[in-house]
Amino acid sequence: MAEATILPRAVHVADRGRLWVMLYLAATGLVLILMMLAGLLMRLAQSGWLPLDPALFYQLMTVHGTGMVGIAALGGAAVMWHFLSAHVRLHSWVMGGNLALFLIGVVAILIADLIGGFAGGWTFLYPLPAISQGVWPVWAAVLHLLGLLLVGVGFLIWCLEVARAIIAGYGSLARGLGWHVLFAGSTRDVPPPTVVAATMVAIVTTLALIAGAAVIVMSLVNLAFPAVPINPLLAKNLIYFFGHVFINATIYMTVTVVYELLPRMTGRPWKTSRVFLAAWTVSTVMVLIIFPHHLLMDFAMPVWAAALGQVLSYVNSFPILIVTGLGALAIVHRSGLKWDLVSALLLLSMFGWMAGVIPAVIDATIAVNSVMHNTMWVPGHFHFYLLLGLLPMIFALMIHLVRHEDVTPHGSDLEAVLYALFGLGFVSMFLLGGWASVPRRWAQHLPEWMVWDQIASVMALGVIALTTVFVARFLAHLPALLREG
Amino acid sequence: MGIQSAAGLLTLVAVLALAAVFLRVRRLAHDDRAYAPVQGNAYRVRAIIFWVMVVVGLPLTIWLVRVNPYSLAADAPQVVRATGYQWYWELDRAQVEAGRPVVFEVSSADVNHGFGLYDAQGVLVAQVQAMPGYINRLSHVFKAPGTYRVLCLEFCGLVHHGMTTEIEVSDGGGSDG
Ligand code: HEM
Ligand SMILES: [Cu+2]
Ligand SMILES: [Cu+2]
């Protein structure tokens, strides 16, 4: 197990790859702050504090949802590339190509949504893009979908490069997942945790992007030739398969920062045990087949699909709750660690991920879904694990780079604590809204719902302030970091 | 207790318990001990949680699958056809009786909508997606008379939040609804 039990080394990426990681993180930080401001405008509108034209609300909702999912992937790609490049040889032009396609796609989407007025949501549920009662023109829907397609193609190439590099370094994707260890008991070429995670990400994201591209192309054909219809239930399945897998994969990308840094901070290795490998293999399969939990209220779906959606969603929580979460806790428990900003962000991220899974699993229960699906409970669950799980992992890498990858504790962790408190306040208000039956995606709220919205708006201000602090610190050091790289 | 409150309470308890564990680990991290005993403990805890989740949680969730809105009431239900349009609902009748099953035949004339039934206190009591080309049948027994509201629960465009209607539920005592 030689390779897997030693501590991860500091990453020294001498080539261009490092430059791209920095640019990815910079773009992620900037877009993140803009999207948070868009989110704040929506929350203020729901609070009754800001008179916002519903047309604009839904445009902002579409931009916010699409943009946030996009930067979750962009930031995730930066984190995973950074750590993976210490284990396998990656071609850095792929990072540049993906970023170029991403930025062109973003411009297309911004023009389509804010100038063209497209507001079909980040899920562009067929046939809404084509049928808006004249609220947006066909060209806006086409441009938005083309923008998505460009972003998707960029990430597809990126995933294929990751898969290629793992196959070149470890022999096959199966060996990247450690199946020779898991099933045959081999002790040679044991993949480190980062490689296992990257293999899973490459597999599932590729499949998600193929399904996503297929349904985007079908929708584009339908926009051009309205006489060619799509089966709406098929479109829904493809969209939720794509959306579920893609957004879930982003946190499997970012978790590599936890696998790499906590061991270096505590001197305790993160072993690639067979339980660890089994957990990742289970996750790989589960993340692909539990998406019917988004279709529990589509009674046209077969009942067995709903039943599997419920039961497997529960099983899917095992790997994260029991293996990765407990593993991280064991590594820091009584380790002599002195908390600083980076380590506290990493601890928070594990809490945010584990806790964010809980409301999701509960809502994946059909009896609960009947009265909570498409209420604010849903944004409650995903903001929980994205805002308090995924983002702290990305911030941790930003600050780690600013500190020249030195893992000895620096300063206090006050900013992480404040971010956690504002973030918890913010997501709790979504969850309380769901408990009170408030529907999601409503531009205007009834007066009795507004108290949750108002508290959330105040909390969002705190979240945005701290996010700005983290991102500004990274951007301030960016020129120096780029010169070094 | 309603389903929402049960779900909320369960979430609250589980998240607080998890937070307590994290706070304890945070507080004790500075204490420098050897890894092996800590890890041994973690493996034991992991085994306990795993078996509790398998032995208690898994049968529970499998059992709970039977609590679903998919099967239809057989005995002489009242039938309501509901069709979603951007951005209004068309119901072929808006009065039903409490205490007897109602079957809603829900569809859409344009995009996806969501048929969400809210009681007089504003609590969501049942829902089903309204999809073009499909008729989704939702059966529901109204427990109490009153004015119920239908709210759209699937994003359908500009006036999604304005797509509501009412259903009058009368006392099942005798008069024909
Ligand atoms: C200060 C931070 C944030 C604020 C104020 C905010 C606000 C909002 C609001 C008001 C909504 C619409 C809720 C509704 O359905 O009525 C929303 C939806 C959403 N948010 Fe956020 N958000 C924030 C951070 C994030 C982050 C960090 C992510 C992901 C990384 C994210 C991803 C999303 C997504 C995917 C949606 C769904 C959009 C849709 O329903 O089409 N948000 N957010
Ligand atoms: Cu999902
Ligand atoms: Cu609607």
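Structural data are supplied above this passage.
Residues numbered from 1 in each chain as written. Chains lettered and ligands numbered in written order. Predicted model: local features only at pLDDT ≥ 70, side-chain atom pairs only at ≥ 80, totals over all residues. Heavy atoms only, no water.

Here we take up the overall build of chain A. In terms of regular secondary structure, chain A is built from 17 helices and zero strands. Principal-axis analysis of the C-alpha atoms places the extent of chain A at approximately 65 × 45 × 45 Å. By the burial criterion, 68% of the 485 residues in chain A qualify as buried. A sequence separation of at least 24 residues applies to 84% of the contacts in chain A between residues at least 6 apart. Looking at chain A as shown, the accessible area adds up to about 15500 Å², and 73% of this sits on carbon and sulfur atoms. (Helix = DSSP H or I, 4+ residues; strand = E, 2+ residues; numbered from the N terminus. Buried < 20%, exposed > 50% of the residue type's maximum accessible area, 1.4 Å probe, protein only. Contact = heavy atoms within 4.5 Å. Areas by Shrake-Rupley, 256 points an atom, 1.4 Å probe, with all protein chains shown as cover.)

Bringing the overall build of chain B into the picture now. Helix and strand counts for chain B come out as two helices and nine strands. Across chain B, helices and strands are ordered from the amino to the carboxyl terminus as α-α-β-β-β-β-β-β-β-β-β. Projecting the C-alpha coordinates of chain B onto the three principal axes gives extents of approximately 75 × 40 × 30 Å. Relative to its 177 residues, chain B shows a buried fraction of 46%. Looking at chain B alone, contacts between residues at least 24 apart form 63% of all its contacts between residues at least 6 apart. About 8700 Å² of surface is accessible on chain B, with carbon and sulfur atoms providing 62% of the total. Each charge sign in chain B was given a centre, from 13 positive and 14 negative side chains, and these centres are 19 Å apart. (Lys, Arg positive; Asp, Glu negative; His and termini not counted. Charge placed at Lys NZ, Arg CZ, Asp CG, Glu CD.)

Right, let's get into the packing of helix α5 (residues 138-170) of chain A against helix α8 (residues 193-224) of chain A. Residues and elements named next belong to chain A. Look at α5 against α8: their axes get within 8 Å of each other, and the N-to-C directions meet at 155 degrees. Relative to α8, the element α5 lies roughly antiparallel. As for the relative orientation of α5 and α8, their crossing is left-handed in sense. Class assignment for the residues of the contact of α5 with α8 results in 24 nonpolar, five polar and no charged. (Axes fitted to C-alpha atoms, helices over the stretch in contact; angles between N-to-C directions. Parallel < 35°, antiparallel > 145°, perpendicular 65-115°, else oblique. Left-handed = near helix turned anticlockwise from the far one by under 90°. Nonpolar A, V, L, I, M, F, W, Y, C, P; charged D, E, K, R; others polar.)

All names here are of chain A. Taken together, the side chains of Leu56, Val107, Leu110, Ile111, Leu114, Ile115 and Trp139 define a hydrophobic patch exposed on the protein surface, amounting to about 620 Å² of accessible area. With five residues, the single largest contributor to the nonpolar patch is helix α4 (residues 93-115). Relative to the elements of secondary structure, Val107 occurs in helix α4. (Patch = residues over 30% accessible without salt bridge, like charges linked within 9 Å, V, L, I, M, F, W, Y side chains within 5 Å. Salt bridge = Lys/Arg side-chain N within 4 Å of Asp/Glu carboxyl O.)

This part is about the sheet that holds strand β6 (residues 124-130) of chain B. Consider a sheet: its strands pair through backbone hydrogen bonds, and that pairing is either parallel or antiparallel. Residue and element names in this part refer to chain B. Taken in spatial order, the five strands make up an open sheet running β3-β9-β8-β5-β6, and their pairing is mixed. Unpaired on one side and paired on the other, β3 (95-97) and β6 mark the two borders of the sheet. Across this sheet, the average inter-strand angle for adjacent strands is 25 degrees, counted without regard to direction. Where strand β8 (residues 146-152) lies against strand β9 (residues 164-170), six bridges are found, and the strand directions are antiparallel. Its bridge partner lying in β9, Tyr148 is registered against Ile167. (Pairing = 2+ DSSP bridges.)

All names here are of chain B. Sheet architecture is open: four strands sit in the order β2-β1-β4-β7, paired in mixed fashion. Two strands close off the open sheet at either side, each with one partner strand: β2 (88-91) and β7 (136-141). The average angle at which neighbouring strand axes cross in this sheet is 25 degrees, direction not considered.

All names here are of chain A. Look at helix α11 (residues 274-289) against helix α12 (residues 303-332): their axes get within 9 Å of each other, and the N-to-C directions meet at 150 degrees. Considering the relative orientation of α11 and α12, their crossing is left-handed. Contacts between α11 and α12 involve Val275, Phe276, Ala279, Trp280, Val282, Ser283, Met286, Val287 and Ile289 on the former and, on the latter, Leu312, Val315, Asn316, Pro319, Val323 and Thr324. Among the residues forming the contact of α11 with α12, the class breakdown is 12 nonpolar, three polar and no charged.

Applying the stated criterion across every chain yields a total of 13 salt bridges over all chains. In this structure, Arg164(A) and Glu161(A) form a salt bridge, with 2.9 Å as the shortest nitrogen-oxygen distance. Residue Arg164(A) and its partner Glu161(A) are both found in helix α5; the two are separated by three residues, about one turn of the helix. Accessibility expressed as a relative area gives 6% for Glu161(A), which makes it buried. Linked through salt bridges whose partners overlap, the residues forming this network are Arg334(A), Asp31(B) and Arg33(B).

Moving on, we get to the nonpolar core. What tends to happen in soluble globular proteins is that the nonpolar side chains get buried as a cluster. Among the nonpolar cores identified, the biggest contains 239 residues, and Trp158(A), Val258(A), Trp353(A), Tyr419(A), Phe474(A), Phe104(B) and Phe115(B) are the most heavily contacted of them. Ranked by the residues each element gives to this core, the list is headed by helix α3 (residues 54-84) of chain A, at 18 residues. Filtering out sequence-adjacent residues up to four positions away, Phe115(B) remains in contact with Ala82(B), Trp89(B), Leu91(B), Phe104(B), Val106(B), Ala126(B), Gln127(B), Val128(B), Leu138(B), Val150(B) and Leu151(B). (Core = buried A, V, L, I, M, F, W, Y, C linked by side-chain atoms within 4.5 Å.)

Turning our eyes to something else, we now look at the site of ligand 1. All names here are of chain A. Within the structure, ligand 1 sits among 25 residues, and Gln46, His64, His383, Arg440 and Arg441 are positioned closest to it. Between ligand 1 and His383 there is a distance of 2.8 Å, counted from a nitrogen atom to a side-chain nitrogen or oxygen. Between ligand 1 and the protein, one listed contact pairs an oxygen atom with a side-chain N or O atom of Arg440 at 2.9 Å. Among the secondary structure elements, those contributing two or more residues to the shell around ligand 1 are α2 (16-47), α3, α15 (377-402), α16 (414-435) and α17 (450-484). The biggest single contributor to the shell around ligand 1 is α2, with six residues. Of the residues contributing to the shell around ligand 1, the split by class is 17 nonpolar, five polar and three charged. (Near = heavy atom within 4 Å. Polar contact = N/O pair within 3.5 Å; in protein donor to acceptor, adjacent residues only side chain to side chain.)

Before going further, it helps to examine the pairing of β2(B). Looking along a regular strand, one sees side chains alternate from face to face of the sheet. Residues and elements named next belong to chain B. Burial along β2 is one-sided: the face carrying Trp89 and Leu91 is buried and the face carrying Tyr88 and Glu90 is not. Sheet topology note: the strand β1 (residues 78-85)/β2 ladder contains four bridges and is antiparallel. Across the sheet, Ala82 pairs through a bridge with Leu91, a residue of β2. In textbook terms, the turn of a hairpin is the stretch between consecutive antiparallel strands, and for β1 and β2 this stretch comprises two residues.

Before going further, it helps to spend a moment on the coordination of the copper ion (ligand 3). Residues and elements named next belong to chain B. Each protein donor to the copper ion (ligand 3) is listed here as Cys152 (SG), Glu154 (O), Cys156 (SG) and His160 (ND1); together their distances run 2.1 to 2.4 Å. Here the copper ion (ligand 3) binds four donor atoms, and the angle range of 88 to 126 degrees at the metal identifies the geometry as tetrahedral. Counting gaps between the donor residues of the copper ion (ligand 3) yields the pattern C-x1-E-x1-C-x3-H. As far as burial versus exposure is concerned, Glu154 and Cys156 are alike and both buried. (Donors = N, O, S within 2.8 Å, 3.2 Å for Na, K, Ca; no water. Tetrahedral: all angles 85-135°; square planar, octahedral: opposite > 155°, others 65-115°.)

All names here are of chain A. Around the iron atom of ligand 1, the protein contributes the donor atoms His64 (NE2) and His383 (NE2), at 2.0 Å from the metal centre. Around the iron atom of ligand 1, the six donor atoms sit at angles spanning 87 to 180 degrees, and that spread fits a shape best called octahedral. One end of the pair, His64, is in helix α3; the other, His383, is in helix α15, with 319 residues separating them in the sequence. Grouping residues by exposure puts His64 and His383 together as buried.

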